[in-house]
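# Report on the structure
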Amino acid sequence: MIITKKVMRNVSLTAHPAGCKRYIQQQIAWVKNQAQNWEDTRYPKPIEEVLPKRVLVIGGSTGYGLSSRIVAAYTGGADTINVSFEREPSEKKTATPGWYNTMAFEQQAQKEGMKASSVFGDAFSIAIKEETAQKIKDELGQVDLVIYSLASPLRNDPTTGVTYRSVLKPLEKPFTALSVDLGDDVVKQATIDPATEGQVRETIKVMGGEDWTLWVDYLLKEGLLAEGAMTVAYSYIGPKITYPVYREGTIGKAKEHLENSASALSSKLEAIGGKAFVSVNKALVTRASAVIPVVPLYMALLYQVMKEKNLHEHCTQQIYRLFNDQLYTKGNIPTDQEGRLRVDDWEMLEDVQNEVERRWALQKEGQPLIQGDLEGVLAEYEQIHGFGFPDIDYEADIDPRIV
Ligand code: NAI
């Protein structure tokens, strides 16, 4: 089958196995090169002996979770287990990019002597938690780090059977702002109606800290967290301009819940000398973030400004800094006043934000986006689905089941 890209409402429906493999190879190559040659001095040398050796990544097949897995393996040599929700390929249908990424990563990591395996299924379910626990027992014994990086539109509560849906909406009043679609640079006005109270509650159920807590409680009870084990979940804050739809919207409420869960989890982990953190990461194009209204326009401006200042990073570079500059050094773990790790520090620099704001004010409805890097955002979005690599023959007739 000839695999072409198909994007509908900022969601890619296909993925290319050879391209996903190339994406993985590039991320691994960047981490290896940085760790060994220390070319970019802003990214510290890894300290092998303090890095985790057995890592569970929940949501480790794309975006920030995938990068966490790559960084854990290729800076500390960690054995890793991923839990993610995937569609497998068939003769006539491509798999999710996460499936191809996982196959490519695991082949490579295993070749280099690391253990790497996955549990595919619904991370919110009891069955997948049990299967994962068994896998940890069988393959790793215990884990030193649990990364929680799920981004999901819905959650089936395993105890009640109720399905909750997350929505990206403002609270109380409609929010109108300029926006662009990934495939079209014409700036439009977007209005998003406010969420109902029920939708706020449901979004917290899906993207808040409840399921993270269930995972950690369960692994702790089963004795699968090693002495000093840490757990990290990811959050976002961003600029004032996106507050109504993000930080002060439904997802922001869920992130507040996630952040509050960290301190409760830290208290529980004291028994094994462990700790729970939330890390606030940079806005980057992923399968999850591309569908947040208004955010693609912000990202297009942010990418351009950060590239001009030589500050732009990918998920892997963000997580490399998180591990080697913050979590696993010989010094104290640096947090903000709320106890959060911050790798959104470069995004939130005053001169970066002032420049993004200045450029935002130049945009006009019905006109093409100016002074932004929508092409860069789109190129990254295509690459995370395996498209747009110049050395891959996209006309080739290939079997979508083979990575
Ligand atoms: P993503 O869409 O690239 O990754 C989500 C992962 O969750 C995938 O591995 C997917 O398979 C897995 N997943 C989703 N539903 C699942 C389920 N029911 N069972 C098992 N696995 C499931 O998303 P991204 O952007 O990497 O997001 C991860 C976390 O990072 C989220 O909490 C997000 O809010 C946060 N974050 C994202 C930022 C961004 O700009 N992309 C910025 C800061 C934080």
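Reading the values: rules and limits
- Residues numbered from 1 in each chain as written.
- Predicted model: local features only at pLDDT ≥ 70, side-chain atom pairs only at ≥ 80, totals over all residues.
- Heavy atoms only, no water.
- Helix = DSSP H or I, 4+ residues; strand = E, 2+ residues; numbered from the N terminus.
- Rg over C-alpha atoms; globule rule 2.2 N^0.38 Å.
- Contact = heavy atoms within 4.5 Å.
- Disulfide = S-S within 2.5 Å.
- Expected span 1.5 Å × (residues − 1).
- Buried < 20%, exposed > 50% of the residue type's maximum accessible area, 1.4 Å probe, protein only.
- Phe/Tyr/Trp six-rings, centres within 6.5 Å; stacked < 30°, edge-to-face > 60°.
- Lys NZ or Arg CZ within 6 Å of the ring centre and 35° of its normal.
- Pairing = 2+ DSSP bridges.
- Near = heavy atom within 4 Å.
- Polar contact = N/O pair within 3.5 Å; in protein donor to acceptor, adjacent residues only side chain to side chain.
- Areas by Shrake-Rupley, 256 points an atom, 1.4 Å probe, with all protein chains shown as cover.
- Salt bridge = Lys/Arg side-chain N within 4 Å of Asp/Glu carboxyl O.

On a plain count of helices and strands, the protein chain comes out with 11 helices and 13 strands. For a compact globule of 403 residues, the expected C-alpha radius of gyration is about 22 Å, and the protein chain comes in at 20 Å, within 12% of that figure. Taken along its principal axes, the extent of the C-alpha atoms in the protein chain is 60 × 50 × 45 Å. Contacts spanning at least 24 positions in sequence make up 77% of the contacts within the protein chain whose residues lie at least 6 apart.

A few words now on the state of the cysteines. Applying the stated criterion across every chain yields a total of zero disulfides. Lacking any disulfide linkage, Cys 20 is separated from the closest cysteine sulfur, that of Cys 315, by 14 Å.

The end-to-end C-alpha distance of helix 2 (residues 63-76), which contains 14 residues, comes to 20 Å, matching closely the 20 Å that a straight helix rising 1.5 Å per residue would cover. Judged by how many residues are buried, helix 2 sits mostly within the fold: 14 of 14 residues are covered.

Moving on, we get to the packing of aromatic side chains. Across all of its chains, the model carries 11 aromatic pairs by this definition. Look at Tyr 74 and Phe 105: their rings are 6.4 Å apart centre to centre, the planes differ by 85°, and that puts the pair in the edge-to-face class. In this pair, Tyr 74 sits in helix 2 while Phe 105 sits in helix 3 (residues 97-111), placing the two residues 31 residues apart along the sequence. Assessed through its relative accessible area of 0%, Phe 105 is described here as buried. Counting every residue linked through ring pairs, the aromatic cluster contains Trp 30, Tyr 43, Tyr 320 and Trp 346. The ring of Trp 346 carries Arg 321 above its face, with NZ or CZ at 3.7 Å from the centroid.

So, about the pairing of strand 9 (residues 175-181). The buried fraction of strand 9 is high, at five of seven residues. Bridging between strand 9 and strand 10 (residues 184-192) involves six bridges; their strand directions are antiparallel. Bridge pairing links Leu 178 to Gln 189 in strand 10. Taking the residues between adjacent antiparallel strands as the criterion, strand 9 and strand 10 are bridged by two residues.

A few words now on the site of the ligand. Around the ligand there are 31 residues in total, and Ser 61, Tyr 64, Ala 123, Lys 255 and Thr 286 lie nearest to it. In this structure, a nitrogen atom belonging to the ligand sits 3.0 Å away from a side-chain N or O atom of Asp 122. Contacts to the ligand include Leu 150, whose backbone N or O atom sits 3.3 Å from an oxygen atom. When the ligand is considered free in solution it has 830 Å² of accessible area, and contact with the protein chains removes 91% of it. Breaking the shell around the ligand down by element, the ones donating at least two residues are helix 2 and strand 11 (225-235).

For the structure on display, the rule yields 33 salt bridges. For Arg 359, the salt bridge goes to Glu 308, with nearest N and O atoms at 2.7 Å. Separated by 51 residues along the polypeptide, Arg 359 in helix 10 (residues 350-360) and Glu 308 in helix 8 (residues 295-308) bring together distant segments of the chain. Judged by its relative accessible area of 49%, Glu 308 falls in the partly exposed class. Across the pair Asp 351 and Lys 309 runs a salt bridge whose closest N-O atoms are separated by 3.4 Å. Taken together, the residues Asp 351 in helix 10 and Lys 309 in the loop between helix 8 and helix 9 (315-327) connect sequence positions 42 residues apart. Take Lys 309: its relative accessible area is 35%, and that puts it in the partly exposed class. Connected through shared salt-bridge partners, Arg 247, Glu 259, Asp 336, Glu 338, Arg 340, Arg 342 and Asp 344 make up one network.

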